[in-house]
Amino acid sequence: HRFSGFSPGARLSAYAYPHGATVSCVAVISNALRNLGELATVVDETTTGNPTAVSLLDGATLSNKGPLDGVEAYSEWSGRADAANVLRFDFPESVTLAAIVLVGDRRVDAYSNPDTAAIELDGRRVASEAGIASRFPAEAGIVRLSFARSAGKQVRLTLGPTRAPRGKTPLLLLSEIRLEG
């Protein structure tokens, strides 16, 4: 059985399968790394004042939630689908990072995930990858971009959108970004 409304990667306190059923799950091994994103602040440098940027670090991976009853809250970041998007993460002190994890849409036909990513730490390029949109469905919507451990106070993540199918409105959305160190 599956709890509806929870995306892959969401932590559940209870999960039940009937006796004798085959268990279908995803195991995440962190190698002693933890998400340091809670120590950072995030700024969308492409869309100044983007209120959805804070959702990237809040630990909530449910998507498609927006403001309700006058409360300004979002569950996913919405970037510009017509340009490269730059997100800046500032830490109060230097941290050592080894990976950035992007939580997006796991569906095979999704076109809202980024297709390129470039990671800079204190102005030094530490990783760059193209064609990542195809990894989201294969990796249950959770794409990990690993790099050699590097220390710094500021991360700049540049994300390039996926081309939308003909007749579809372009989108660029992420539910969460984890900064692992």
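Residues numbered from 1 in each chain as written. Predicted model: local features only at pLDDT ≥ 70, side-chain atom pairs only at ≥ 80, totals over all residues. Heavy atoms only, no water.

**Student:** Now, about the pattern of salt bridges: what can you tell me, with residues and values included?
**Tutor:** As enumerated under the stated definition, the model contains ten salt bridges in all. Close ionic contact of Glu120 with Arg156 constitutes a salt bridge, the shortest N to O distance being 4.0 Å. Here Glu120 is found in strand 4 (residues 114-121), whereas its partner Arg156 is found in strand 6 (residues 142-161), with 36 residues between them in sequence. For Arg156, a relative accessible area of 28% translates into the label partly exposed. Of the charged contacts in the structure, one is a salt bridge between Arg135 and Glu139, with a shortest N-O distance of 2.8 Å. For Arg135, a relative accessible area of 18% gives the class buried. Given a relative accessible area of 31%, Glu139 falls into the partly exposed group. In this structure, a network of salt bridges that share partners links the residues Glu45, Arg88, Asp90, Glu120 and Arg156. (Salt bridge = Lys/Arg side-chain N within 4 Å of Asp/Glu carboxyl O. Helix = DSSP H or I, 4+ residues; strand = E, 2+ residues; numbered from the N terminus. Buried < 20%, exposed > 50% of the residue type's maximum accessible area, 1.4 Å probe, protein only.)

**Student:** Can you tell me about unusual backbone geometry, naming the residues and giving the values?
**Tutor:** Backbone geometry at Asp122 places phi at a positive 50°, although glycine is not the residue there. If you trace the backbone, Asp122 turns up in the loop between strand 4 and strand 5 (124-130). Judged by its relative accessible area of 39%, Asp122 falls in the partly exposed class.

**Student:** Can you break down the nonpolar core residue by residue, with the values?
**Tutor:** Counting residues in each nonpolar core, the largest one holds 30 residues, and the members touching the most others are Phe89, Leu97, Ile100, Leu102, Leu157, Ile177 and Leu179. Within the residue set of this core, elements represented by two or more residues are strand 3 (85-103), strand 4, strand 6 and strand 8 (176-180). If near-sequence neighbours (up to four positions away) are discounted, Leu102 is found in contact with Pro114, Ile132, Phe136, Gly141, Ile142, Val143, Leu145, Leu157, Leu159, Leu174, Glu176 and Ile177. (Core = buried A, V, L, I, M, F, W, Y, C linked by side-chain atoms within 4.5 Å. Contact = heavy atoms within 4.5 Å.)

**Student:** An account of the pairing of strand 3 is requested, with residue identities and associated values reported.
**Tutor:** In terms of burial, strand 3 is a largely internal element, 14 of the 19 residues being buried. Sheet topology places strand 1 (residues 41-44) next to strand 3; four bridges connect them, and they run antiparallel. When the sheet's bridge partners are listed, Thr41 is paired in strand 3 with Asp90. Note that strand 3 and strand 6 share 14 bridges and pair antiparallel. Looking at the pairing, Leu102 lines up with Val143 of strand 6. The pairing of strand 3 with strand 8 spans five bridges and is classified as antiparallel. What sits directly across from Val103, in strand 8, is Glu176. (Pairing = 2+ DSSP bridges.)

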